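# Structural overview for review
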Amino acid sequence: MTLAAVSDAGPLIHLAEIDALELLAAFDTLLIPETVYAEVETGGIPDGLSDRSYELVDAAARPVPSTELDAGERAALAVATDYDVTFLTDDLAAREAASEAGVDVHGSIGIIALGYHRGMLHREQAASLMHALQQETSLFVTRAIVERGIRQLDESHRTDD
Amino acid sequence: MAAEISDRVRAIAEARGLPESEVFERALERGLEDLWDDLVLAQYLDGDLDREDAIDRVGRTKVERAEREREIVEEDVDWGLNA
């Protein structure tokens, strides 16, 4: 199955914080709006990002009207709509706007599960990254929720057996 | 890590004009509150505590936020495992 996605700054920053940007290789096509790249660049481009294959795109021509979203989130959502690709974001408001617009939307935890499913991570590595996402990044997620996500991985593993 | 904690306590105490002992006390209270919230929300999400009791202990906002997070994580993991 071919996977194409556009990311806002959240997953790029959060995956960089846990040293897991290589998981973006699970996507056959990764688009990054120029606005998002500029946002990430402000904090310093993460080391691993230059090793990844991605395409910079300009979303300025079709802004998505939403006062709740920042410029990068609006640009990424516009690209997701235009290109009909998955929108990667860790922002709750952006996620809700995408769902309302009928756009397929997922976040960093989904990317870790995808990496596990595609054999890029062992179970322990995936669980460790999920914990790190909760403990070491600015992503707001309750520990109990992360534990549930890890149990889902385990259940899928048992189902596969 | 211990040196980093000492440095931060000293910096906060100086900036806020507080004794270091009070900075430690506030840090303990704040940390304990986070651990308490984690415990209550874990018990609720695991079905060991009913919703109204969870709301009484940590507030409606945190319970509703945890419910939304649960939906998102379940959706995301399910997607990742099937994409």
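Residues numbered from 1 in each chain as written. Chains lettered and ligands numbered in written order. Predicted model: local features only at pLDDT ≥ 70, side-chain atom pairs only at ≥ 80, totals over all residues. Heavy atoms only, no water.

## Observations regarding the overall build of chain B
- Broken down by element type, chain B carries 4 helices and 0 strands.
- Secondary structure elements of chain B occur, N-terminal to C-terminal, as α-α-α-α.
- Taking 2.2 N^0.38 as the reference for a compact globule, 83 residues should give roughly 12 Å; the C-alpha atoms of chain B span a radius of gyration of 18 Å, well beyond that estimate.
- Put simply, chain B shows about 5,600 Å² of open surface, and 50% of that area lies on carbon and sulfur atoms. (Helix = DSSP H or I, 4+ residues; strand = E, 2+ residues; numbered from the N terminus. Rg over C-alpha atoms; globule rule 2.2 N^0.38 Å. Areas by Shrake-Rupley, 256 points an atom, 1.4 Å probe, with all protein chains shown as cover.)

## Points about the nonpolar core
- Counting residues in hydrophobic clusters, the biggest one holds 54 residues, and the most contacted among them are Ile18(A), Leu24(A), Phe27(A), Ile112(A), Met130(A), Leu153(A) and Val77(B).
- Residues contacting Leu153(A), with those up to four places away along its chain left out, are Ala113(A), Tyr116(A), Ala126(A), Met130(A), Val77(B) and Leu81(B).
- One finds Val6(A), Val57(A), Ala59(A) and Leu77(A) within the second-largest nonpolar core, a separate group that totals 19 residues. (Core = buried A, V, L, I, M, F, W, Y, C linked by side-chain atoms within 4.5 Å. Buried < 20%, exposed > 50% of the residue type's maximum accessible area, 1.4 Å probe, protein only. Contact = heavy atoms within 4.5 Å.)

## Describing the interface of chain A and chain B
- Taken together, the contact between chain A and chain B spans 32 residues of the former and 22 residues of the latter.
- Summing both sides of the interface, chain A and chain B together bury roughly 2,300 Å²; the carbon and sulfur share of this comes to 62%.
- Of all residues in chain A, Ile145(A), Arg148(A) and Gln152(A) give up the largest surface area on contact with chain B, accounting jointly for 24% of the area buried on that side.
- The tally of links from chain A across to chain B stands at 5 salt bridges.
- Its salt-bridge partner being Glu75(B), residue Arg95(A) comes within 3.2 Å of it at the nearest N-O pair.
- Looking at the side of chain A that touches chain B, the elements with two or more residues in it are helix 4 (92–100), strand 5 (105–106), helix 5 (108–117) and helix 7 (143–160) of chain A. (Buried area = accessible area lost by both parts, 1.4 Å probe. Salt bridge = Lys/Arg side-chain N within 4 Å of Asp/Glu carboxyl O.)

## As for the domain arrangement of chain A
All names here are of chain A.
- Per the domain assignment, the segments making up chain A are domain 1 (4–108) and domain 2 (123–160).
- Averaged C-alpha coordinates put domain 1 and domain 2 at centres separated by 22 Å.
- Taken together, the 7 residues of domain 1 in the interface contact 7 residues of domain 2.
- Together, His14, Glu17 and Ile18 form the three largest contributors to the area buried by domain 1 at its contact with domain 2, with a combined 72%.
- Applying the counting criterion to the domain 1 and domain 2 interface returns 0 salt bridges.
- At the surface where domain 1 touches domain 2, the tally comes to 1 residue pair in polar contact (both at pLDDT 80 or more).
- For the side of domain 1 that touches domain 2, the class distribution of residues is 3 nonpolar, 2 polar and 2 charged. (Domains from an automatic or database assignment. Polar contact = N/O pair within 3.5 Å; in protein donor to acceptor, adjacent residues only side chain to side chain. Nonpolar A, V, L, I, M, F, W, Y, C, P; charged D, E, K, R; others polar.)

## Regarding a negative patch on the surface
Residue and element names in this part refer to chain A.
- Among the surface-exposed residues, Asp19, Glu22, Asp47 and Asp51 lie close enough to one another that they form a single negatively charged patch.
- Structurally, Asp19 can be placed in the loop between helix 1 (9–17) and strand 2 (29–33).
- Since its relative accessible area comes to 67%, Asp19 is described here as exposed. (Patch = residues over 30% accessible without salt bridge, like charges linked within 9 Å, V, L, I, M, F, W, Y side chains within 5 Å. Lys, Arg positive; Asp, Glu negative; His and termini not counted. Charge placed at Lys NZ, Arg CZ, Asp CG, Glu CD.)

## Side note on the confidence of the model for chain A
- Looking at chain A, pLDDT values average 88 and 93% of them are 70 or higher.
- Helix 7 of chain A is the least confidently modelled element of chain A, averaging 82 in pLDDT, while strand 4 (residues 86–88) of chain A averages 97, the highest of any element. (pLDDT = per-residue confidence, 0-100.)

## Comments concerning the environment of Leu139(A)
All names here are of chain A.
- For Leu139, the position within the fold is in the loop between helix 6 (123–136) and helix 7.
- Put simply, Leu139 and Asp91 are 48 residues apart on the chain and 8.6 Å apart in space, counted from C-alpha to C-alpha.
- Setting aside its immediate chain neighbours within four residues, Leu139 contacts His14, Asp90, Leu133 and Gln134.

## Describing the pairing of strand 2 of chain A
Residue and element names in this part refer to chain A.
- With 4 of 5 residues buried, strand 2 lies mostly within the body of the structure.
- Looking at chain direction, strand 1 (residues 4–7) and strand 2 are connected through 3 bridges and run parallel. Pairing of Val6 across the sheet is with Leu31, part of strand 2.
- For the crossover from strand 1 across helix 1 to strand 2, the handedness is right-handed.
- Here strand 2 runs beside strand 3 (residues 55–57); their pairing, made up of 3 bridges, is parallel. Its bridge partner being in strand 3, Leu31 is matched across the sheet by Glu55.
- Each parallel crossover has a hand, and the one from strand 2 via helix 2 (residues 34–42) to strand 3 is right-handed. (Pairing = 2+ DSSP bridges. Right-handed = clockwise from strand over helix to strand, strands pointing away.)

## Let's talk about the packing of helix 3 (residues 51–58) of chain B against helix 4 (residues 60–82) of chain B
All names here are of chain B.
- Put simply, helix 3 and helix 4 touch, their axes get as near as 7 Å, and they point 125° apart. When the axis of helix 3 is compared with that of helix 4, the two are oblique. Taking contact as the criterion, the partners of Arg51, Glu52, Ala54, Ile55 and Val58 in helix 3 are, on helix 4, Arg60, Lys62, Val63, Glu64 and Glu67.
- Its residues placed into classes, the contact of helix 3 with helix 4 shows 4 nonpolar, no polar and 6 charged. (Axes fitted to C-alpha atoms, helices over the stretch in contact; angles between N-to-C directions. Parallel < 35°, antiparallel > 145°, perpendicular 65-115°, else oblique.)

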